[in-house]
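Letter by letter, the chains look like this.
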Amino acid sequence: MLRQAGTERPWSGEYVDTKAVGVYECRACGAELFRSETKFDSHCGWPSFYEASAEDNVVLREDRSHGMLRTEVLCGTCHSHLGHLFDDAPQTPTGDRYCINSVSIRLSPAQS
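Reading the values: the criteria
Residues numbered from 1 in each chain as written. Predicted model: local features only at pLDDT ≥ 70, side-chain atom pairs only at ≥ 80, totals over all residues. Heavy atoms only, no water. Pairing = 2+ DSSP bridges. Helix = DSSP H or I, 4+ residues; strand = E, 2+ residues; numbered from the N terminus. Axes fitted to C-alpha atoms, helices over the stretch in contact; angles between N-to-C directions. Buried < 20%, exposed > 50% of the residue type's maximum accessible area, 1.4 Å probe, protein only. Polar contact = N/O pair within 3.5 Å; in protein donor to acceptor, adjacent residues only side chain to side chain. Contact = heavy atoms within 4.5 Å. Phe/Tyr/Trp six-rings, centres within 6.5 Å; stacked < 30°, edge-to-face > 60°.

Per an unreviewed UniProt entry, the protein goes by the name peptide-methionine (R)-S-oxide reductase and belongs to Blastococcus brunescens.

Shown next as structure tokens:
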């Protein structure tokens, strides 16, 4: 998935319903990508976030595959494929929905 820009089946990912507090990192290189505070339930079948933890933690690239125009989300460090960005989340502070594959990320739980 990370190198071939694949997508996991909806509702099959490890982090779809996760509510744990922590930092989501790139599964390939360990770079910080998203924080749990920005995760929300978008009912789309993939973990969704409304912003990256820092602007340069992700790279956005035009994706015209499958006859659609989308914005691909890549890890800012190793350029692994993470998912896609959509601007269809008016319920969030940014209006954005980073739709991310669970297999592309790993949750590092907050220390209590």
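The rest of the description comes next.
(A) Region of the structure containing the sheet that holds strand S9 (residues 105–109). With respect to topology, three strands assemble into an open sheet ordered S2-S1-S9, the strand pairing being antiparallel. Both outer strands of the open sheet, strand S2 (32–35) and S9, are each paired with one neighbouring strand and no more. Within this sheet the neighbouring strands show an average axis-to-axis angle of 30°, counted without direction. Bridging between strand S1 (residues 22–26) and S9 involves five bridges; their strand directions are antiparallel.

(B) Summary view of the side chain of Asp63. Relative to the assigned elements, Asp63 resides in strand S5 (residues 58–63). Judged by its relative accessible area of 10%, Asp63 is buried. Reaching out from Asp63, the side chain makes a polar contact with the side chain of Ser65 at a distance of 2.7 Å. With residues up to four places along the chain from it excluded, the contact list for Asp63 reads Met68, Leu69, Arg70, Glu72 and His84.

(C) Quick peek at the pairing of strand S8 (residues 97–100). Residues Arg97 and Cys99 of S8 are buried on one face, and the alternating residues Tyr98 and Ile100, pointing to the opposite face, are buried as well. Bridge analysis of strand S7 (residues 81–86) against S8 gives four bridges, and the strand direction is antiparallel. Within the sheet, the bridge partner assigned to Gly83 lies in S8 and is Ile100.

(D) Representation of the environment of Ser108 within the structure. In this fold, Ser108 is placed in strand S9. Judged by its relative accessible area of 29%, Ser108 is partly exposed. As a C-alpha pair, Ser108 and Gly22 span 86 residues in sequence and 5.5 Å in three-dimensional space.

(E) Broad picture of the sheet that holds strand S6 (residues 70–75). Taken together, the six strands give an open sheet; going across it, the order is S3-S4-S8-S7-S6-S5, and neighbouring strands pair in antiparallel fashion. The two strands at the open ends of the sheet, each matched to only one other strand, are strand S3 (39–40) and S5. Of the strand pairs in this sheet, S6 and S7 are connected by four bridges, and their pairing is antiparallel. Along S7, the bridge assignment pairs Thr71 with Leu85.

(F) Main features of the pairing of S6. Within S6, five of the six residues are buried, leaving the element largely enclosed by the surrounding structure. Taking the residues that link successive antiparallel strands as the turn, the S5-S6 hairpin has six residues, and the phi of His66 there is positive, at about 60°. Here S6 hands over to S7 after five residues, with His79 in that stretch at a positive phi of 60°.

(G) Fine view of the packing of aromatic side chains. If you walk through the whole model with that rule in mind, you get four aromatic pairs. Taking the centre distance of 5.0 Å and the plane angle of 70° together, the rings of Tyr24 and Phe49 count as edge-to-face. Pair noted here: Tyr24 is in strand S1 and Phe49 is in strand S4 (residues 48–49), with a separation of 25 residues, a long-range link. We note that Tyr24, like Phe49, is buried. Summarising the aromatic geometry, the rings of Phe34 and Phe49 are spaced 4.4 Å apart at their centres and angled 15° between planes, so their arrangement reads as stacked.

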